[in-house]
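Spelled out from the first residue to the last, the chains are:
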Protein chains: 2
Amino acid sequence: MSSGLEQVSGGRLASSGGSRHHHHPIVRKLARLVPLTEADTAALGQLSASMRQVAAHTDLVHEGAPLTEAVLVLQGFAIRYQLRDTGARQILAYLVPGDLCDPDAALLGELDCTISTLSACFVARVPQGVLSDILEQHPNVARGLRLAKLIEEATTRCWLTNAGCRSALERMAHLLCELQVRLQVVGFATEDGYELPITQHDLGDTLGLSNVHVNRTLRVLREQRLIEHHGKQLTILDLPRLQEIAEFKPGYLRSTASHARLPL
Amino acid sequence: MSSGLEQVSGGRLASSGGSRHHHHPIVRKLARLVPLTEADTAALGQLSASMRQVAAHTDLVHEGAPLTEAVLVLQGFAIRYQLRDTGARQILAYLVPGDLCDPDAALLGELDCTISTLSACFVARVPQGVLSDILEQHPNVARGLRLAKLIEEATTRCWLTNAGCRSALERMAHLLCELQVRLQVVGFATEDGYELPITQHDLGDTLGLSNVHVNRTLRVLREQRLIEHHGKQLTILDLPRLQEIAEFKPGYLRSTASHARLPL
DNA sequence: TTTGGCATATAACAATTGTTACTCTGAGTG
DNA sequence: CACTCAGAGTAACAATTGTTATATGCCAAA
């Protein structure tokens, strides 16, 4: 009953022979950033050729491992994180459907953080060769992915501002607003909310808060009738006010259509 | 009496006609990352052609402004920061001598943060054209700058981990250790310490702490005989222990010579 | 169906960090 | 030289957040 990617069947895209790739999250995402031709769209569809399902809390790429493939998330929530010696975990980024991680790290040879799933996910491993071929033959796609990378960096900076100078309530509100925009771009959120299949402990490791304080903070948001959540379903009751609390300025996500046309 | 860049005179490099650029901070920095030929080194020297002195606390590039030039720091401390509506400032990165900021942002068209000086600085503005010519003609330099960019990103992630899951003392220790390594690479630090010409308020905006708590934290480090500071001069009395407190792992800075040969 | 375990929820208390207010010093300036 | 002011230093108190403990609910495995 989860939204999106209804064409998943047996670990393969049922429609992989056809040309209708417009619903692929990475296509939806890049189409906001650059104009895409049918050929571009089809090429992006190839990225998910080796899609497979991964259980929640599974490491995909370990810190320090040599990196030869990129990881494309098609469904579910994945993260990049670092571990301290104390066992504390800092989540550095969320990877939601349409996010491609991390083509560039090949230059450094290894990654300084670990890629893992938070929820059950559909992910595709993309060999460097396949990716570089596409980048070469599809300059629009190449430009789109470079833009996406810059947006990811801006998002990291935003998270640093979050951690450095926002209160727990503001931080939580900001994260919920950011996810609302990012998930809506790829069709995994409506205007009212989205499925947030992660624990309060995970939220704590994201925001630099204890799980208890995450719980307190969510309660405040609930009591103020800003959000509701039943199970994994998050409903945003008052988005404007939530954004106001968070001082959320979505510009850094480049999510408005003003920056590019949609594909024909 | 400040160390490094003794050749500064009248806003120009006195030796700009010669070929001895090895002492330039950006040359020292990149030489750790990639092999550099004499030609590469000379080309890097050109970057500081339009060097000028800038007073402390001067904005160089404003948030939202169209970006047509990169900024190269030759001496002093500069930063990237974001402002909240409340007036709170989050410092996102330090730009120390040898750091080049931000060639890539041209793709996005505008920057999401402001570049500013903390101390009096010598900086050079590098027009996009000059930079792209050099990148084209000197692949080693291009590769070095790409590596430097990746290192900068890793540093930002590290700062996020800092803010998210380290105590004030650990955060401060980590910052001091990081600067020790970065400044030593470009010849602005000895093994014992370095000049740190920034206020406790600035440190607070860096670490997400109040200025009062910064003061407390520095006092603890002093009382434990880990550091000393008289005026702007920071002396590190016990680097191993400071690194231990910070859980500092310098790998992300790629500062050890094991990754590349020095130029002939 | 029962059970075990994980996630949520909440309370009481502790620790960290922020805020306000004040003093002191030193560098720059008239 | 006196004056000003920014920055460092400190204390007292307040607010936020973390820790520990315990209870509850719910889903999945036996």
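Residues numbered from 1 in each chain as written. Chains lettered and ligands numbered in written order. Predicted model: local features only at pLDDT ≥ 70, side-chain atom pairs only at ≥ 80, totals over all residues. Heavy atoms only, no water.

As annotated in an unreviewed UniProt entry, chain A carries the name Crp/Fnr family transcriptional regulator and comes from Methylobacterium terricola.

Student: Just to check I follow, could you spell out the protein's contact with DNA strand C for this structure?
Tutor: Around DNA strand C sit 15 residues, and of these A:Q200, A:N215, B:A168, B:S210 and B:R216 come closest. Atoms of DNA strand C within 4 Å of the protein: sugar and phosphate make up 65%, bases the balance. Between A:Q200 and DNA strand C, the recorded distance is 2.7 Å, taken from a side-chain N or O atom to a phosphate oxygen. Taking B:H213, its side chain carries an N or O atom lying 3.3 Å from a phosphate oxygen of DNA strand C. Elements with a contribution of two residues or more to the surface near DNA strand C: α7 (211-223) of chain A together with α7 (211-223) of chain B. (Near = heavy atom within 4 Å. Polar contact = N/O pair within 3.5 Å; in protein donor to acceptor, adjacent residues only side chain to side chain. Helix = DSSP H or I, 4+ residues; strand = E, 2+ residues; numbered from the N terminus.)

Student: Honestly, the state of the cysteines in this entry has me stumped. Any pointers?
Tutor: Residues and elements named next belong to chain A. Scanning the model with the defined rule gives 0 disulfides over all chains in all. Note on C165: no disulfide assigned, nearest cysteine sulfur contributed by C158 at a separation of 10 Å. Looking at C165, the relative accessible area reads 17%, which means it is buried. (Disulfide = S-S within 2.5 Å. Buried < 20%, exposed > 50% of the residue type's maximum accessible area, 1.4 Å probe, protein only.)

Student: Would you mind showing me how to read the packing of helix α5 (residues 168-185) of chain A against helix α8 (residues 239-246) of chain A here?
Tutor: Helix-helix packing is described using two parameters, namely the angle between the two axes and the distance between the axes. Residue and element names in this part refer to chain A. Across the interface, α5 lies against α8 with an axial gap of 8 Å and an inter-helix angle of 125°. The angle between α5 and α8 places the two elements in the oblique class. Of the two possible hands of crossing, α5 and α8 adopt the one that is left-handed. In contact with L169, E170, A173, H174, L176, C177 and Q180 of α5, α8 contributes L239, L242, Q243, I245 and A246. (Axes fitted to C-alpha atoms, helices over the stretch in contact; angles between N-to-C directions. Parallel < 35°, antiparallel > 145°, perpendicular 65-115°, else oblique. Left-handed = near helix turned anticlockwise from the far one by under 90°. Contact = heavy atoms within 4.5 Å.)

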